[in-house]
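Here is how the chains run, residue by residue.
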Amino acid sequence: MHIHIKTQELRDMLETVSRVSTKHPTLPILQCVHLTALEGGTITFKATNLEIGVEGTLSGKVEIPGAIAVPAHILLQTIALITHPEVSLKEDVGTLTITTKTSKTSIATQPADDFPNLPVLEGDAHTISGKNFAYGIKTVAFAASQNSIKPELGCVYIYQKKENTLTFVATDSFRLAEKTVPMANMVLSNHILIPAKNALELARLAEMMQADSQLTLSENQCVLSWDTLQVTSRSVVGSFPDYNQIMPKEFSTHATILVQDVMNALRRTNVFLNKFAQLTLSLAGGALTLSSKGDTGMTEEVVTVAQEGADIAISVNQKYLQDILTYITDDSLTVHFTGIGRPMVVEGVYDKSLRYLVMPMNR
Amino acid sequence: MYTQHGTDREDEDVSALSRDLVTLWDETLQELSTHTSPANKAWFRDTFITTYNTGTVTVGVPSIFVRDYLRDKFSTLILRVLREKEQGIRGVVFSVTHRTPPDQAKRIEREKQRSTTPSAVIPLDEYYVDRNDNLNPKYQFDSFVVGPFNQLPHAAAKAVVERPGVVYNPLFIYGQTGHGKTHLIQAVGNSLKKRGLKVLYVTSERFAVDYFNAIQTGDANKFKDKYRAYDAIIIDDVQFLSYKDKTQEELFHLFNAFHDLNKQIVFSSDIHPALLEGLEDRLRSRFNQGMIIDIPKPDLESRTAIISAKLAHRGITLDDQIVGYIAKSIEGNIRELEGMLNSIIIQSEVSEKPLTYEMVKGIVEVSLKPKTNLSIRDIIEKIARLYNLSIEDLHKKTRQKEIMRPRQLIMYILREDFQISFPNIGAAFGGRDHTTVIHSCERIKEDLKNDPMLPRELNRIRDLFR
């Protein structure tokens with residue numbers, strides 16, 4: 001293989017794809033980016049960690065077509081330091097030589113044949129707004145389960161609840177986040193379950209690409225594609241609990257608070273959290289007291305709230321409450337309580353597209 | 001209730017092999033490691049034989065990436081090694097599986113033990129529904145508590161299960177939220193399913209979205225075919241179809257198609273179809289063709305029975321006196337009752353001693369919604385509006401039935417629900433004597449014994465204050 005390519009384009013492409021090629025302890029080939037140069041000037045870049053695969057194309061001058069696999073991060077580091085606008089890559093028996101007018105670098109390659117093929121595109125395609133898709137995922141993904149006891153709970157669950165929208169849900173069974181984003185002309189009859197980590201990677205690329213994207217779904221995979229880039233993620237087959245039945249419909253107390261007030265209070269309580277991160281919320285007479293108590297001391301912070309309904313005191317894991325705050329777009333949030341020992345729902349004052357359910361602590 | 005791909009073990013023919021599948025794969029992997037570079041071992045992580053069927057071995061792999069790699073690079077080698085062990089093997093296929101590989105099961109067990117947190121858990125396990133029919137296996141007739149208040153709807157539902165499509169078609173069940181509509185109609189669905197019928201449960205919202213999507217993609221016929229393929233259809237919360245004319249029209253046609261073929265249809269709604277707003281008359285008249293039944297508010301005996309059943313389900317026993325007290329204090333819907341029980345159960349789990357009557361009383365009193373702070377005048381005004389009367393009308397010293405009756409009802413409600421003293425009530429009605437008030441209340445109490453419609457009317461009034 002021998003190609004000439006614009007340095008900046010090559011660098012951007014390597015940055016895009018090499019994120020997925022991580023150090024794999026047993027499969028060194030996965031640290032590589034795979035390059036294929038075709039006659040006619042199309043150069044394809046591939047990287048995968050077996051969870052997710054990225055494939056991008058660039059055009060350049062191809063003198064000798066061919067395919068190579070080189071460690072992605074070493075290649076990226078080398079290219080990132082080149083200041084010349086154009087660079088030449090040439091392969092010769094196990095070595096890739098990168099030359100500019102003033103420099104020459106050689107990197108040992110790996111057998112290109114060992115690099116796994118990325119799955120072929122199959123299934124129904126939907127045109128989606130990549131931006132909103134990314135927004136949906138990024139809003140809920142934090143709530144997905146970190147362990148593998150139930151694979152479907154480690155996923156972002158995507159389905160269509162209402163026309164022209166998509167709904168994103170994630171839960172680790174202690175809290176649940178649901179975000180609905182507009183998605184014009186969306187018709188999705190099945191649901192999708194994408195492992196949260198992969199979903200975030202899809203979101204990152206969708207955000208980067210800006211343009212609308214094609215979402216292609218089949219039983220085991222979910223693909224986002226643009227003209228020059230294609231990302232494939234493993235998807236999980238399984239069902240997601242019908243969480244709508246769990247969302248409380250009747251509440252005993254509503255408290256509306258400035259988001260900033262809560263953030264400030266949590267910074268203080270954070271200092272004295274015990275090992276369970278227990279935060280106590282006591283609502284009485286229009287004031288909310290947030291308190292924490294650890295081995296070294298305790299702290300209390302009172303914020304004014306608009307209270308509707310009975311007084312209540314409840315304990316929650318502070319992290320669970322904190323996690324949602326950055327995703328609330330309104331100035332104020334409302335906490336809907338359903339009673340002692342029962343879940344509470346947090347949402348923005350106006351924006352109801354995000355709902356967040358948190359379970360309290362047992363004591 | 002949650003089964004993962006249990007079906008792909010069907011029609012397998014392991015007896016043709018001289019080893020079990022786990023041993024066979026272990027031996028194969030060992031042999032393979034001598035043929036391939038050590039690096040390749042990683043490709044076989046979490047793989048296992050899922051099935052063996054008439055000569056073909058299916059190897060379960062964790063992802064599409066692994067599936068394609070093994071298929072492209074190793075299938076010939078793997079087949080050769082497998083055949084050395086078992087002559088009968090003719091082919092090998094790779095398929096992404098979601099069954100947990102045997103060695104991963106141990107890892108999960110460890111994680112389970114580690115994950116202890118004092119936070120309560122969302123009871124998600126109960127809500128895995130069958131994706132093909134949306135039925136939740138949790139809702140069964142066995143778990144449906146029958147009391148005097150819901151005997152009739154229960155009997156009708158049972159009759160529908162016995163002779164679907166014939167006796168009551170459609171079956172229309174209405175009642176307020178939390179009275180058990182969904183449980184009952186899902187139980188019908190689950191029972192029909194057990195009898196081998198193809199059942200579909202949808203909420204009217206889902207139905208509308210489905211229809212909207214079908215129109216948008218120009219697949220209206222596909223939509224019709226999809227729904228018509230079922231033997232029975234259950235549509236929950238039809239009140240949400242209000243003013244959705246096109247969807248109603250589609251439902252109307254679907255209804256006719258089902259009704260003509262004697263296929264069962266079940267509807268639920270929060271109010272009587274006659275009171276549903278924004279509903280086309282022809283659809284309304286279709287609802288009226290079958291049986292329309294109300295699930296009213298649970299009476300005291302039923303509430304007691306429900307509490308006992310729920311406690312038994314959670315493995316907790318409480319004194320009869322306590323159960324009676326809870327039943328008496330919470331008149332609202334079953335969901336509220338359940339909420340209160342949860343608080344009590346949590347308390348009983350936290351506290352080391354068994355719960356006493358006083359403790360329960362304390363919990364109930366704290367958790368009960370405070371009676372809304374309404375002035376006597378507000379209450380009178382609210383009820384009067386229901387009857388299209390002004391306060392002045394009520395103050396008139398007339399014995400005209402249209403005015404006298406609501407006046408008596410208001411006095412009764414003020415006395416019974418708000419514990420206002422007789423003289424105060426009298427004063428609120430333009431200085432009537434307290435004996436007049438007592439007489440009015442007695443009168444209503446008397447009528448309650450004879451007039452079957454009166455409790456319903458009182459409920460309608462009480463709903464104003466929820």
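A quick note: this is a predicted structure, and the numbers were derived from the prediction, not measured. (Residues numbered from 1 in each chain as written. Chains lettered and ligands numbered in written order. Predicted model: local features only at pLDDT ≥ 70, side-chain atom pairs only at ≥ 80, totals over all residues. Heavy atoms only, no water.)

A. Region of interest: the overall build of chain B. Each helix and strand counted, chain B has 19 helices and eight strands in total. Here chain B, with 466 residues, has 46% of them falling under the buried criterion. Intrachain contacts of chain B at a sequence separation of at least 6 include 73% that bridge at least 24 residues. (Helix = DSSP H or I, 4+ residues; strand = E, 2+ residues; numbered from the N terminus. Buried < 20%, exposed > 50% of the residue type's maximum accessible area, 1.4 Å probe, protein only. Contact = heavy atoms within 4.5 Å.)

B. Spotlight on the overall build of chain A. If you tally the helices and strands in chain A, you get six helices and 26 strands. Taken along its principal axes, the extent of the C-alpha atoms in chain A is 80 × 50 × 35 Å. Going through the 363 residues of chain A one by one, you find that 55% of them count as buried. With the model as given, the accessible surface of chain A reaches about 15200 Å², and the carbon-plus-sulfur share is 50%. (Areas by Shrake-Rupley, 256 points an atom, 1.4 Å probe, with all protein chains shown as cover.)

C. View of empty space enclosed by the protein. The tally for this structure, following the rule as stated, stands at two cavities of 30 Å³ or more. Lining the largest cavity, in full, are I257(A), V262(A), L281(A), L288(A), L290(A), L321(A), L333(A), V335(A) and M344(A). If you list the elements that add at least two residues to the lining of the largest cavity, you get β20 (287-293) and β24 (332-337) of chain A. For the lining of the largest cavity, a count of residues per class yields nine nonpolar, no polar and no charged. Reported here for the second largest cavity is a volume of approximately 30 Å³. Lining the second largest cavity, in full, are I233(B), I235(B), L251(B), L254(B), F255(B), F258(B), I265(B) and F267(B). Elements supplying a minimum of two residues to the lining of the second largest cavity: β6 (232-236), α8 (245-260) and β7 (264-269) of chain B. The element contributing the most residues to the lining of the second largest cavity is α8(B), with four residues. (1 Å grid on protein atoms, 1.4 Å probe; cavity = no way out; pocket = protein on both sides within 12 Å on 5 of 7 lines; lining within 4 Å. Points joined across faces, edges and corners; volume = space filled by probe spheres on them. Nonpolar A, V, L, I, M, F, W, Y, C, P; charged D, E, K, R; others polar.)

D. Quick look at the pattern of salt bridges. All names here are of chain A. Enumeration over the complete set of coordinates arrives at 35 salt bridges over all chains. In this structure, the salt-bridge partner of E51 is R234, at a minimum N-O distance of 3.1 Å. Here E51, found in the loop between β3 (42-48) and β4 (52-59), pairs with R234, found in strand β17 (residues 229-234); they are 183 residues apart in sequence, far enough to count as distant. A residue is classified by how much of its surface remains accessible, and E51, at 26% relative accessible area, is partly exposed. (Salt bridge = Lys/Arg side-chain N within 4 Å of Asp/Glu carboxyl O.)

E. Structural detail: the nonpolar core. Ranked by size, the top nonpolar core spans 94 residues in total, and within it F45(A), L75(A) and F133(A) carry the most contacts. For this core, the element with the highest residue contribution is helix α4 (residues 196-209) of chain A, accounting for six residues. (Core = buried A, V, L, I, M, F, W, Y, C linked by side-chain atoms within 4.5 Å.)

F. Spatial organisation of helix α1 (residues 21-35) of chain B. Residue and element names in this part refer to chain B. An ideal rise of 1.5 Å per residue puts 21 Å on 15 residues; α1 measures up with 21 Å between its terminal C-alpha atoms. Buried residues of α1: L21, L24, W25, T28 and L32, and no others. Projected down its long axis, α1 carries its buried residues within an arc of 90°, all on one side. Residues of α1 that are exposed and angled more than 90 degrees away from the buried face: V22, Q30 and T34. (Expected span 1.5 Å × (residues − 1). Arc of directions from axis to C-beta.)

G. The arrangement of the domain arrangement of chain A in detail. Residue and element names in this part refer to chain A. Partitioning chain A into domains gives domain 1 (2-114), domain 2 (124-244) and domain 3 (249-358). Placing the centre of domain 2 and that of domain 3 at their C-alpha centroids yields a distance of 28 Å. With 14 residues of domain 2 at the contact, the number on the domain 3 side is 14 residues. Taken together, both faces of the contact between domain 2 and domain 3 bury some 1200 Å²; the carbon and sulfur share is 48%. A per-residue breakdown of the area domain 2 buries against domain 3 is headed by F142, R175 and E178, which together make up 42% of the total. Here domain 2 and domain 3 share three salt bridges between them. The residue K179 makes a salt bridge to D351 at a minimum N-O spacing of 3.8 Å. Linking domain 2 to domain 3 there are eight residue pairs in polar contact (both at pLDDT 80 or more). (Domains from an automatic or database assignment. Buried area = accessible area lost by both parts, 1.4 Å probe. Polar contact = N/O pair within 3.5 Å; in protein donor to acceptor, adjacent residues only side chain to side chain.)

H. Highlighting the environment of D323(A). All names here are of chain A. Looking at where D323 falls in the secondary structure, it is placed in helix α6 (residues 318-325). The class of D323 is buried, set by a relative accessible area of 17%. Considering only alpha carbons, one finds D323 and A143, 180 residues apart in sequence, at a separation of 8.2 Å. With sequence-adjacent residues up to four places away left out, D323 is seen in contact with F142, R175 and Y356. Within polar-contact distance, the side chain of D323 engages the side chain of R175 at 2.9 Å.

I. Structural detail: the sheet that holds strand β11 (residues 155-159) of chain A. Residue and element names in this part refer to chain A. Pairing within the open sheet is antiparallel, and its nine strands lie in the order β14-β11-β12-β13-β26-β25-β24-β18-β22. Only two strands of the sheet have a single neighbouring strand rather than two, namely β14 (192-195) and β22 (306-309). Neighbour to neighbour, the strand axes of the sheet diverge by 20° on average, direction disregarded. The pairing of strand β13 (residues 175-182) with strand β26 (residues 354-358) spans five bridges and is antiparallel. Note on β26: the bridge partner recorded for R175 is V358. Against the sheet, α4 contacts β11 and β14, and its axis sits at roughly 95° relative to β14. Sheet strands touched by α6: β13, β24, β25 (344-348) and β26. Its angle to β26, the strand with the most contacts, is close to 175°. (Pairing = 2+ DSSP bridges. Axes fitted to C-alpha atoms, helices over the stretch in contact; angles between N-to-C directions.)

J. Broad picture of the packing of aromatic side chains. According to the stated counting rule, one finds 20 aromatic pairs over all chains in the structure shown. Ring geometry for Y157(A) versus Y159(A): centroids 5.0 Å apart, planes at 25°, classification stacked. Residue classification places Y159(A) among the buried residues on the basis of a relative accessible area of 11%. Between Y325(B) and Y357(B), the aromatic rings sit 5.4 Å apart at their centres with planes inclined by 65°, giving edge-to-face as the arrangement. Separated by 32 residues along the polypeptide, Y325(B) in helix α11 (residues 320-329) and Y357(B) in helix α13 (residues 357-367) bring together distant segments of the chain. Its guanidinium or amino end placed over the ring of Y230(B), K198(B) lies 4.7 Å from that ring's centre, counting from NZ or CZ. Between R415(B) and the ring centre of F422(B), over which it is positioned, the NZ or CZ distance is 4.3 Å. (Phe/Tyr/Trp six-rings, centres within 6.5 Å; stacked < 30°, edge-to-face > 60°. Lys NZ or Arg CZ within 6 Å of the ring centre and 35° of its normal.)

K. Representation of the interface of chain A and chain B. Between chain A and chain B, the residue contacts involve 67 residues of the former and 56 residues of the latter. Summed over both partners, the interface of chain A with chain B buries about 5400 Å², with 59% contributed by carbon and sulfur atoms. Where chain A touches chain B, the interface holds one salt bridge. With its nearest N and O atoms 3.5 Å apart, the salt bridge here joins K162(A) to E205(B).

L. Local environment of the packing of helix α6 (residues 204-216) of chain B against helix α7 (residues 220-228) of chain B. It is the contact of α6(B) with α7(B), at a shortest axis distance of 7 Å, that shows an interaxial angle of 145°. Here α6(B) contributes F207(B), D210(B), Y211(B), A214(B) and I215(B) to the contact with α7(B), which in turn contributes A220(B), F223(B), K226(B) and Y227(B).

M. Region of the structure containing the sheet that holds strand β6 (residues 66-71) of chain A. All names here are of chain A. If you trace the eight strands from one edge of the open sheet to the other, you get β6-β2-β3-β4-β17-β16-β15-β10, paired in antiparallel fashion. With one partner strand each, in any of the chains shown, β6 and β10 (124-128) form the two edges of the open sheet. Each neighbouring strand pair of the sheet contributes to a mean axis angle of 20°, computed without reference to strand direction. Sheet strands touched by helix α2 (residues 72-80): β2 (32-37) and β6. Its angle to β6, the strand with the most contacts, is close to 90°. Contacts from α4 reach β4, β16 (221-225) and β17 within the one sheet, and its direction differs from that of β17 by about 165°.

N. Examining unusual backbone geometry more closely. Here the residue pair N169(B) and P170(B) is connected by a cis peptide bond, since its omega of 0° sits within 30 degrees of zero. Positionally, P170(B) belongs in the loop between α4 (151-162) and β4 (171-174). Phi is positive for V93(A), close to 25°, though the residue is something other than glycine. Following the sequence through the fold, V93(A) ends up in the loop between β7 (86-92) and β8 (95-99).

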